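Per-entry structural report
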Amino acid sequence: MNIIETKKLTKYYLRGKVLGVKNLNLEIAEGEIFGFIGPNGAGKSTTIRLLLDLIRPTSGKIKVLGLDAHIDTVQIKKQIGYLPGEIFLPESMTGKNCLKYYQGFKSEIDHKYVAGIVKRLDLDLSKKVGDYSKGNKQKLAILLAVMHKPKLLILDEPTSGLDPLNQQEFYSIILETKKWGTTTFLSTHILEEAQRICDRVGIIKDGKLIRIENIDDFKHKNIRDIHIETTQSIPLSELKIPGVTKVERTTSGYHLTTTGTNGALLKSLAKFNIEDIKVSEPSLEEIFMRFYKE
Amino acid sequence: MLNIIRHKIKEQFRGVYLYLIFLSEFAWMYIALFPSMQKVDIEAMMAQMPKEFVGFLGEGGAAAYNTIEGFLSGEFFSFFFVLLIIFYVASVAGSIIAGGIEKRTIDFDLSQPISRTRKLLSETAVAMFYSFFLVFATNILIKILCEIYSVSIGSKGLFLFSIVAVLFVWAIYGIAIFLSSIFKSKIAVVGVTIFFTLGSYIFYALSLAVEKIKDYGKYSIYNFYDPQKILSKAEININQCLILLAIFIIGLLLSLVIFNKKDV
C-alpha cells in the first residue's frame, strides 16, 4: 500500500493568482524515506500542508495511509508525527507539561522510548518552552513528532536550528523509525541530508515536480564546486576531463564544477603545485539549472 | 477535547484571576463610595447638567443614583464591567482562529488527531466557563461588599442580572468568534469587537438622550442588556435573553462552517 498518494494535486492561492503546486503526482511506499527537495518557495511546505489538511487543494486527490486526507483527517492524524518548519509551541509551559499535553492527544505512548529520545537529544524538560533556544525547541518538536511511534512522519526542514552533533542523532532516530516500518516524508533544501537518509528524492521547483530519483542515481551526480588555489598555470586539457562540467579561471586559481567521483581529477591535479583545494556543495538553484532545467 | 479544555483552563487562569481582581477593586470602590454619594443631592446636581446628558442615564434618570442598583448600573455595570469581560472573550476568540493562523500556532494543534470543530468548541467552552465565572464571581463579591458596607442590594435582581450579563458577553463572543473566522489578525478581531460594543453603547445612550433617534435604540445590542431595569425590578425579559443566546449560537455556527472550510 502507498502511504502517500497524490493525483494531479494542484493548489493555487489568492483565487488562482499564486501557484502553490501543480499536477503533483506522488506515490510513497510503506517504510520509505522520501526527500522532497527544492529551493524556498518551490511548493514543499504547500505539499505538506495539503497532506495535513491544513489547506485544501484547488484540484486533485490526496490519500494518506489509504484514507482521504480531508474526510478522514482525524483518523490519519492519529498515525502521523509532524515536525513543522517553524516551531510554535505553548511558551508558558515547561517542556514536560508540553510533552504531557500533546501526549494527551495520542492513544499509545511508549514512555521508555520517549525517555530514551530525551536522553539522546540531551533535552532539559524542566525548563519553560519560552526559555528554550531555537535548537532546543527543535529537539522538543522532534520528540513530539516521534513519541507515539507514528506510521508516517512528516518533517518540514527538520534539522534547521540543530547543531551538527544533534543532527547526527536526529538522522539515527529517523533511520531507526524505519526499522518498525515508519514512512518518512521529509522536505529539505540540504542535498547532503537527503543523500544521507533518503531512499528516493522528489525534486520540486516553482510548484512543479520535476523528477523523482532513486538516491543512488541522485548520489551519483555528486555535484561539487571545487576551488583550486594555485599560482601555476594548468593546461585546460588537464582539467577538462570526464566529470568536470565547468572550468573557470579565478584570481587565485581555478573554479571547477564536477559530477560523480573526483578520483581522476585529483590524479591529474597531483602533477601540479596546488596550494589548497576547497570542495563545496553548489546551491540548489545552480543544481537545478544544470540538471533539471525543464 | 478534555485535554484542550484542561490545558486552556490552566493557561488562562492567571489572566482571568487578574481580570477578577481588577473588577473587584472597581466594584469595591463604587460600593465604598455609595454611602457618601447618598448624602449628595444628586437630583439638584443633575438639574445643572444639560438635558441630553441626563437622558444618558436612562429610565430612572438621576433618581436612579439614589439606589445602589442604579448607582452600580450607571457607573459600573453598563460599561466598564461588561467592556472588561468583553475584552477577555474577544481576546480568546481572536486567538483561537485568526491569532492561531497569524502566529502559526494552529498548524501544530491541527496536526493532532482532533477535528477543527472539536478544537473550536473546546476553546469556546473555556471562554464560556471563564466569562460565566467572572460575571458571577464579581457579583458575589459585590453582594459581600454591600453587606460589609451595610448597603442593601437585592439578591434576586443581582442573580438575574448576572444571567443576562453572561448571555450578553456570550453574544459578543459569538460575534468575535465569527470575526476570528474571517479576519487574519487577532488585533483586528479584538479591535472590531470592542469598536462594535462601544459603538452600540454610544448609539444606545444617544437614543435615550436624543428624541430624533429614540426609536432606533432597539437596534443596538445594548437594548437587550439593561442592568438598571433588571436590578431594580428583579425581572428579566425572556425574549431578550433568547435573542442574546441566538446571537451567540449563530455566530458560533457561522464560525464553525467558515473555519472548517478555511485554509489555515
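Residues numbered from 1 in each chain as written. Chains lettered and ligands numbered in written order. Predicted model: local features only at pLDDT ≥ 70, side-chain atom pairs only at ≥ 80, totals over all residues. Heavy atoms only, no water.

Turning next to the nonpolar core. The nonpolar side chains of soluble globular proteins are, as a tendency, buried together. Counting 156 residues, the largest nonpolar core has A:Leu140, A:Phe185, B:Phe77, B:Phe81, B:Ile142 and B:Tyr225 as its most contacted members. Broken down by element, this core gets its largest block of residues, 20 residues, from helix α4 (residues 68-103) of chain B. Among residues more than four places away in sequence, those in contact with B:Ile142 are B:Ala27, B:Ile31, B:Leu72, B:Phe76, B:Phe77, B:Ile153 and B:Leu158. Judged by nonpolar contacts, the second largest core, of eleven residues, contains A:Ile228, A:Ile234, A:Leu239 and A:Ile241. (Core = buried A, V, L, I, M, F, W, Y, C linked by side-chain atoms within 4.5 Å. Buried < 20%, exposed > 50% of the residue type's maximum accessible area, 1.4 Å probe, protein only. Helix = DSSP H or I, 4+ residues; strand = E, 2+ residues; numbered from the N terminus. Contact = heavy atoms within 4.5 Å.)

With that settled, the discussion passes to the interface of chain A and chain B. Chain A puts 23 residues into the contact, and the matching count from chain B is 22 residues. Interface area, chain A with chain B, both sides summed: about 2200 Å², of which 58% is carbon and sulfur. Summed over the shared surface of chain A and chain B, the result is two salt bridges. Taking the shortest distance from any N to any O, the salt bridge between A:Lys11 and B:Asp263 comes out at 2.4 Å. Where chain A meets chain B, there are twelve residue pairs in polar contact (both at pLDDT 80 or more). (Buried area = accessible area lost by both parts, 1.4 Å probe. Salt bridge = Lys/Arg side-chain N within 4 Å of Asp/Glu carboxyl O. Polar contact = N/O pair within 3.5 Å; in protein donor to acceptor, adjacent residues only side chain to side chain.)

Residues annotated by UniProt as "domain: ABC transporter" (unreviewed entry) correspond here to residues 4-231 of chain A. Secondary structure over residues 4-231 of chain A splits into 33% helix and 30% strand, and the C-alpha atoms at its two ends are 54 Å apart. (UniProt positions renumbered as here; feature names shortened; annotations may be inferred.)

All names here are of chain B. Packing of helix α1 (residues 2-37) against helix α6 (residues 116-148) leaves a shortest axis separation of 9 Å and a crossing angle of 25 degrees. It follows that α1 is roughly parallel to α6 by the angle criterion. At the point where α1 passes α6, the crossing takes the right-handed sense. Split into classes, the residues belonging to the contact of α1 with α6 amount to 22 nonpolar, four polar and three charged. (Axes fitted to C-alpha atoms, helices over the stretch in contact; angles between N-to-C directions. Parallel < 35°, antiparallel > 145°, perpendicular 65-115°, else oblique. Left-handed = near helix turned anticlockwise from the far one by under 90°. Nonpolar A, V, L, I, M, F, W, Y, C, P; charged D, E, K, R; others polar.)

Our focus in this paragraph is α4(B). Residues and elements named next belong to chain B. Taking 1.5 Å per residue as the helical rise, α4 with its 36 residues ought to reach 52 Å, whereas the 45 Å between its terminal C-alpha atoms falls clearly short. At Ser95, α4 is bent by approximately 55 degrees, the largest bend along its length. Arg104 occupies a position one or two residues after α4 and carries a positive phi of about 65 degrees. (Expected span 1.5 Å × (residues − 1). Bend = angle between axes of the 7 residues up to and from the residue.)

A few words on the confidence of the model for chain B. Note: predicted coordinates in regions of low pLDDT should not be interpreted at a detailed level. Residues and elements named next belong to chain B. With 94% of its residues at a pLDDT of at least 70, chain B reaches an overall mean of 90. Mean pLDDT values for the elements of chain B range from 63 in helix α3 (residues 51-55) up to 97 in helix α10 (residues 238-261). Model confidence for the complex is summarised by a pTM of 0.84, with the ipTM given as 0.81. (pLDDT = per-residue confidence, 0-100.)

What follows is about the domain arrangement of chain A. All names here are of chain A. Examined at the domain level, chain A breaks down into domain 1 (2-218) and domain 2 (221-292). Its C-alpha centre places domain 1 at a distance of 35 Å from the equivalent point of domain 2. Opposite the 15 residues of domain 1 that make contact, domain 2 presents ten residues. Around 1100 Å² of area is buried between domain 1 and domain 2 when both sides are counted, 60% of it from carbon and sulfur atoms. Among the residues of domain 1 in contact with domain 2, Leu191, Lys205 and Phe218 are the three that bury the most area, contributing 38% of the side total. For the pair domain 1 and domain 2, the number of links is zero salt bridges. (Domains from an automatic or database assignment.)

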